[in-house]
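Below, each chain spelled out in residue letters.
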Amino acid sequence: MKNNPFHYDCEISWCPGCGNFGIIEALKETLEELGLKPYETAAISGIGQAAKLPHYINSNGFNGLHGRALPVAMGVKIANKDLTVFVNSGDGDSYGEGGNHLIHNIRRNIDITHFVHNNQIYGLTKGQGSPTTALNQVTTLQFDGVKSSPFNPLAFAISQDCSFVARTFSGDKVHMKAMMKAAIENKGYSLLDILQPCVTFNKVNTFKWYKDRVYYLDEKYDPYDKEEAFKKALEWGDSIPIGILYKSDKPSFIDRFHHLKEEEPLVKRRWSPQDARAFMDEFY
Amino acid sequence: MEYNILIGGEAGQGIETISDILEKTLNNMGYYVYSSKDYMSRVKGGHNFTQIRLGDYPIHSHWPYLDLIIALDEKTVKLHRDRLKPNGCILCDMSIKNEGANTLRIPLIGIAKSLGNPRMANTVALGAVYKLFGLSYDRAIEHLNARFANKFREENIKALKEGYEAVSQLFTMPQPSTVKNILINGNEACALGALAAGCAYYSAYPMTPSTTIMKFMTRYAEKAGIFVDQAEDEIAAINSAIGASYAGIRAMTGTSGGGFSLMVEALGLAGVTETPLVVANVQRPGPATGLSTRTEQSDLLFVISAAQGEFPRMVIALRNTEDAFYQTARAFNLAEKYQIPVILLSDEYLSDCKVTTKPYDFDKVTIERYLTEKPEYEGIFRRYEVTTDGISPRIFPSQYENVFVLADSHEHDEYGHISENVDIRNSMVRKRMKKMELLRKDLMEPDYFGSEKPELLLIGWGSTYGPLYEALRLLKADGIEAGALVFGDIWPLPQNRLLHYCDKAKKIINVEQNYTGQLASLIAQQTGIRCHGSILKYDGRQMDSYFIYKAVKEGDY
């Protein structure tokens, strides 16, 4: 691992046993195996425990505001389409504070990968219910149980024809890496929901809880079958499917603009004030 | 010599079409045009009007008294007839009742109906206006040809000609100038300035009165080879612009007060990550939704202090269509030089007024990126290095092989890594805030015009520039020793000229389009100087030069 160019030797402030350790290791290995170099990648995040990830990896990085990782990632990708841009943020950041950006980047199909470290609880702010916490689950704040139904990110993304929708589990590195690789390789917005225990605040959805429930989608499963994908996305409880639930091939956002698609990245172009002179003609 | 024309009616009656054609014709002939709009936040009905002031000399403001009212409905007559000059005239349809010899009733609707489309009453009126001013209708036909699809083109040209024949010439036009000028509004000028500055990323959410910046940028996006995005909300708009700027291209967002309020947290993000950014706030009256389509200068103190914490920023108030172009372009250089957000403060009045303007000199615009050379090391870049000149080195991601760049919304060390260390915190705060001092070297002093020994000093900012400029001429004609100081760069507040003229003047009066006198408060806070009186307006309608002149003359301040 020490030889991995993405590895950064530093003090990490996650709780011992946190699923984030497994996720970052899988990510670093995936990036290396894809033949990428740190300067060619950009790790973007919002705020939360997961969102500290850009500090723990060798890569370009932008640790922005709570809920706002996706817009930053979009701006980075459009400025430099040659960069591999990925977002690491939690369920609160991605599905709560940043929910509107989730909707609209699925619509754009911007070519970025969104890794949601979904532990179904707020970690950094110490144990409040998140958008994915189960109904009636008791938390440090909702002492009488959560009163809102949980958000189903995968069913939602499929309903919006998201180009890549997958789920994995932080306790299974091989599967995680396979999903990460497929997500990064998808030319469009890829949502990878990563089930992850919070050892400190979520006493319900523990490592064992997930381990006992997750099962792999088999080889016969067709991720292009939207109805089947929807059924799988709704499956939650005693058995939880992991794998690529849904795929939809469509042009990425940048490819929808002729001049962005055909020409070199914006960051490599040069402008001169004189280039804009002709735009004044309509005012004569 | 000058004339003032008002074209009024309901939304959807085609006021904009005919005023646009008339203004373009006049500007193209060599006249100076100043066209201001007054419109309601609705698509049909209500009462809208455009006021066109034209002359053979440069015009800087609208004017209250009218030579001609083109009334497409009865409300226009009732609302504006009191502003008609003694030998002025109202042009309207036969159906509109109005007593008085100065009413010129022609069958606007009748002619349009006889040509098969009553909606062309506006085109009939346009034809009549060309005749009243003795203008050739050929120019109008050119515009109609360009504007209308085939099936409406012929009938509109017929309507124009019949309107032309229905009246006789009433006004004598002065000799036009031979100089070719452009006719442009503040938002278009701002967008053109951004394009000239090499702005490659513009993201915004539609909000009146800022939307036309985005519209212009979008129109030329492909030709300019840039990206324009209609974001899902203002929060996305500013955050994605920050992302694009971090990744190495010039980025801008634009909005009005409500949208700016949503952008505030990210403004601090640009501040702490030292990411260059240009943000236009085209002000409208607040609070909350306020008056959507009207004007105010009430966001000054807000934008100066918006967002939690302390970080350096610059605020430039746009004063006219010249500023809107040149200052927007300059804002990009300042944003990159100091790695700060630069806020352009415009308003609905400036954004919508179309003004005859000297064509912009694109040679005067420069693009200075202030990026750093390739570092001598590999790995993580010391993006926030504390340097002797106070500005950290800046490169962008993947600019150089094997060098990567980290940015963080938390307090951070020289590499951009989270830090709660006391010494690091202190050095980073000092480093950032020092830029406020460095920035002073680049400040432009406010414009001053009027007497060098002013008894009376008027102080304003932004779009009251034009009205103040003309008010000073009126006061001078009455022998009043007055001067006016009008701020463009407003934060940090330039003080040299302010102190100089305040020292000379006996009375200082702030002239602002708000209730509390925000510039006066800022001046008092920064210099201890207190204004002796205020001329303020906050009804959403811009003060004209006569309003200021009258207030000064009557001591109403």
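Thresholds applied
Residues numbered from 1 in each chain as written. Chains lettered and ligands numbered in written order. Predicted model: local features only at pLDDT ≥ 70, side-chain atom pairs only at ≥ 80, totals over all residues. Helix = DSSP H or I, 4+ residues; strand = E, 2+ residues; numbered from the N terminus. Rg over C-alpha atoms; globule rule 2.2 N^0.38 Å. Buried ≥ 20, exposed ≤ 12 C-beta atoms within 10 Å, placed from the backbone. Contact = placed C-beta atoms within 7 Å. Pairing = 2+ DSSP bridges. Right-handed = clockwise from strand over helix to strand, strands pointing away. Axes fitted to C-alpha atoms, helices over the stretch in contact; angles between N-to-C directions. Core = buried A, V, L, I, M, F, W, Y, C linked by C-beta atoms within 7 Å. Parallel < 35°, antiparallel > 145°, perpendicular 65-115°, else oblique. Left-handed = near helix turned anticlockwise from the far one by under 90°. Nonpolar A, V, L, I, M, F, W, Y, C, P; charged D, E, K, R; others polar. pLDDT = per-residue confidence, 0-100. Expected span 1.5 Å × (residues − 1). Bend = angle between axes of the 7 residues up to and from the residue.

A.B. asks: Got a minute to help me understand the overall build of chain A in this structure?
C.D. replies: Helices and strands together make up the secondary structure of chain A, namely nine helices and eight strands. Compactness check: chain A gives a C-alpha radius of gyration of 20 Å against a globular reference of 19 Å for 284 residues, within 12% of the reference. Split into buried and exposed, the 284 residues of chain A put 53% on the buried side. For chain A, the proportion of contacts with a sequence separation of at least 24, taken over those separated by at least 6, is 68%.

A.B. asks: When you look at the overall build of chain B in this model, what are you seeing that I'm missing?
C.D. replies: Scanning chain B from terminus to terminus reveals 18 helices and 23 strands. The principal-axis extent of the C-alpha atoms belonging to chain B is close to 80 × 60 × 45 Å. The long-range share in chain B, meaning contacts at least 24 apart out of those at least 6 apart in sequence, stands at 73%.

A.B. asks: Quick question: what am I supposed to make of the pairing of strand β8 (residues 201-204) of chain B here?
C.D. replies: The side chains of a regular strand alternate between both faces of the sheet. Residue and element names in this part refer to chain B. Burial of β8 is two-sided: the residues Tyr 201 and Ser 203 facing one way and the residues Tyr 202 and Ala 204 facing the other way are all buried. Pairing of β8 with strand β9 (residues 227-230) involves four bridges; the strand directions are parallel. In the strand pairing of β9, Tyr 202 is matched with Val 228. Between the parallel pair β8 and β9, the chain is carried across by helix α8 (residues 211-224), and the sense of this crossover is right-handed. Bridging between β8 and strand β10 (residues 251-255) involves four bridges; their strand directions are parallel. Each residue of the ladder has a partner; that of Tyr 202, found in β10, is Met 252.

A.B. asks: Looking at this structure, I do not really get the environment of Met 263 of chain B. What am I missing?
C.D. replies: Residue and element names in this part refer to chain B. By the element assignment, Met 263 lies in helix α10 (residues 257-272). Taking the number of C-beta atoms within 10 Å as the measure of exposure, Met 263 has 28 and is therefore buried. Residues Met 263 and Gly 193 lie 70 residues apart in sequence; the distance between their C-alpha atoms is 22 Å. With residues up to four places along the chain from it excluded, the contact list for Met 263 reads Glu 234, Ile 235, Ile 238, Thr 255 and Val 279.

A.B. asks: Looking at this structure, how should I read the sheet that holds strand β14 (residues 354-357) of chain B?
C.D. replies: Neighbouring strands of a sheet are bound in pairs by backbone hydrogen bonds; such pairs are parallel or else antiparallel. Residue and element names in this part refer to chain B. Judged by pairing direction, the sheet is mixed, and its eight strands sit side by side in the order β6-β5-β4-β1-β3-β2-β14-β7 without closing on themselves. At either end of the open sheet lies a strand with only one pairing partner, and these are β6 (103-106) and β7 (182-185). Here the average twist between neighbouring strands, direction ignored, is 20°. Across nine bridges, the pairing between strand β1 (residues 2-11) and strand β3 (residues 45-55) is antiparallel. Bridge assignment links Ile 7 to a residue of β3, and that residue is Thr 50.

A.B. asks: What exactly am I supposed to notice about the sheet that holds strand β3 (residues 84-90) of chain A here?
C.D. replies: Judged by pairing direction, the sheet is mixed, and its nine strands sit side by side in the order β7(A)-β8(A)-β5(A)-β6(A)-β4(A)-β3(A)-β1(A)-β2(A)-β17(B) without closing on themselves. Since the sheet does not close on itself, it has two edges, and those belong to β7 (214-216) of chain A together with β17 (406-408) of chain B, each with one partner. Each strand axis lies, on average, 20° off the axis of its neighbour in the sheet, ignoring direction. Sheet topology note: the β7 of chain A/strand β8 (residues 240-247) of chain A ladder contains three bridges and is parallel. Note on β8 of chain A: the bridge partner recorded for Tyr 216 of chain A is Ile 242 of chain A.

A.B. asks: Would you explain the nonpolar core in this entry?
C.D. replies: Across soluble globular proteins, you tend to see nonpolar side chains buried next to one another. Val 76 of chain A together with Ile 70, Ala 125, Cys 199 and Tyr 201 of chain B are the most contacted members of the largest nonpolar core, which has 243 residues in total. Broken down by element, the residue count for this core peaks at nine residues, all from helix α12 (residues 321-338) of chain B. Ignoring sequence-local partners within four residues, the contact set of Cys 199 of chain B consists of Ala 194, Ile 226, Arg 250, Ala 251, Met 252 and Phe 332 of chain B.

A.B. asks: For this particular structure, what's the right way to read the interface of chain A and chain B?
C.D. replies: It is common to report an interface's size as the accessible area lost on association of the parts. Tallying the contact residues gives 47 residues for chain A and 54 residues for chain B. The dominant element in the side of chain A that touches chain B, judged by the number of residues it contributes, is helix α2 (residues 69-79) of chain A, at eight residues. Both strand β2 (residues 60-63) of chain A and β17 of chain B contribute to a ladder of three bridges, which runs parallel. When the bridges of β17 of chain B are listed, Gly 61 of chain A appears paired with Leu 406 of chain B.

A.B. asks: Would you explain the packing of α2 of chain A against helix α9 (residues 234-246) of chain B in this entry?
C.D. replies: A pair of packed helices is characterised by two quantities: the angle between their axes and the separation of those axes. Viewed as axis vectors pointing N to C, α2 of chain A and α9 of chain B meet at an angle of 40°, and their least axial separation amounts to 6 Å. When the interaxial angle is binned, α2 of chain A and α9 of chain B end up oblique. As α2 of chain A runs across α9 of chain B, the sense of the crossing is right-handed. Contacts between α2 of chain A and α9 of chain B involve Pro 71, Val 72, Ala 73, Met 74, Gly 75, Val 76, Ile 78 and Ala 79 of chain A on the former and, on the latter, Ala 236, Asn 239, Ser 240, Ala 241, Ile 242, Gly 243, Ala 244 and Tyr 246 of chain B. Of the residues that constitute the contact of α2 of chain A with α9 of chain B, the class distribution is twelve nonpolar, four polar and no charged.

A.B. asks: Whenever I open this one, the confidence of the model for chain B confuses me. Can you help?
C.D. replies: Predicted coordinates in regions of low pLDDT should not be interpreted in detail. Looking at chain B as a whole, its pLDDT mean stands at 96, while 100% of the residues score no less than 70. This prediction of the complex comes with two scores: 0.97 for pTM and 0.98 for ipTM.

A.B. asks: What is the right way to read unusual backbone geometry from this model?
C.D. replies: In terms of backbone geometry, most residues other than glycine have negative phi values and most peptide bonds are trans. Residue and element names in this part refer to chain B. The residue after Thr 208, namely Pro 209, is reached through a cis peptide bond having omega 0°. Relative to the assigned elements, Pro 209 resides in the loop between β8 and α8. Omega for the peptide link from Trp 491 to Pro 492 comes to -5°, which places this bond in the cis form. Mapped onto the elements, Pro 492 comes out in the loop between β21 (489-491) and α16 (496-504). At Ala 307, a position not held by glycine, the phi torsion is positive, near 95°. Counting through the fold element by element, Ala 307 comes out in the loop between α11 (300-305) and β12 (314-317). Classification of Ala 307 as partly exposed rests on a count of 19 C-beta atoms within 10 Å. With a phi angle near 65°, Ser 398 is a residue other than glycine that sits in the positive phi range. Mapped onto the elements of the fold, Ser 398 is located in the loop between β15 (379-380) and β16 (403-404).

A.B. asks: How should I be thinking about α10 of chain B in this particular structure?
C.D. replies: Since there are 3.6 residues in each turn of an α-helix, residues three or four apart along the chain are aligned in direction. Residues and elements named next belong to chain B. Between its first and last C-alpha, α10 extends 22 Å over 16 residues, near the 22 Å set by a 1.5 Å rise per residue. Along its length, α10 shows its largest kink, about 50°, at Val 264. Those residues of α10 that fall on the buried side of the exposure criterion are Gly 257, Gly 259, Phe 260, Met 263, Ala 266, Leu 267, Gly 268, Leu 269, Ala 270, Gly 271 and Val 272. At its buried positions, α10 is contacted by α9, β10, β11 (277-283), α11 and β13 (341-347).

A.B. asks: What should I look at first to understand α12 of chain B in this one?
C.D. replies: Residues and elements named next belong to chain B. Between the first and last C-alpha of α12 there are 26 Å, a value that for 18 residues agrees with the 26 Å anticipated at 1.5 Å per step. Of all the bends in α12, the greatest measures close to 25° and is centred on Gln 327. Burial analysis of α12 places 16 of its 18 residues in the buried class, which makes it a mostly covered element. Gln 339 lies just past α12 and shows a positive phi near 55°.

A.B. asks: Hey, could you run me through the pairing of strand β4 (residues 66-71) of chain B in this one?
C.D. replies: All names here are of chain B. The buried fraction of β4 is high, at six of six residues. Strand direction decides the pairing type here: β1 and β4, joined by four bridges, are parallel. Residue pairing across strands places Ile 7 opposite Ile 70, the latter belonging to β4. Two strands pair when backbone bridges link them, and β4 and strand β5 (residues 84-93) are joined in this way by five bridges, in the parallel orientation.

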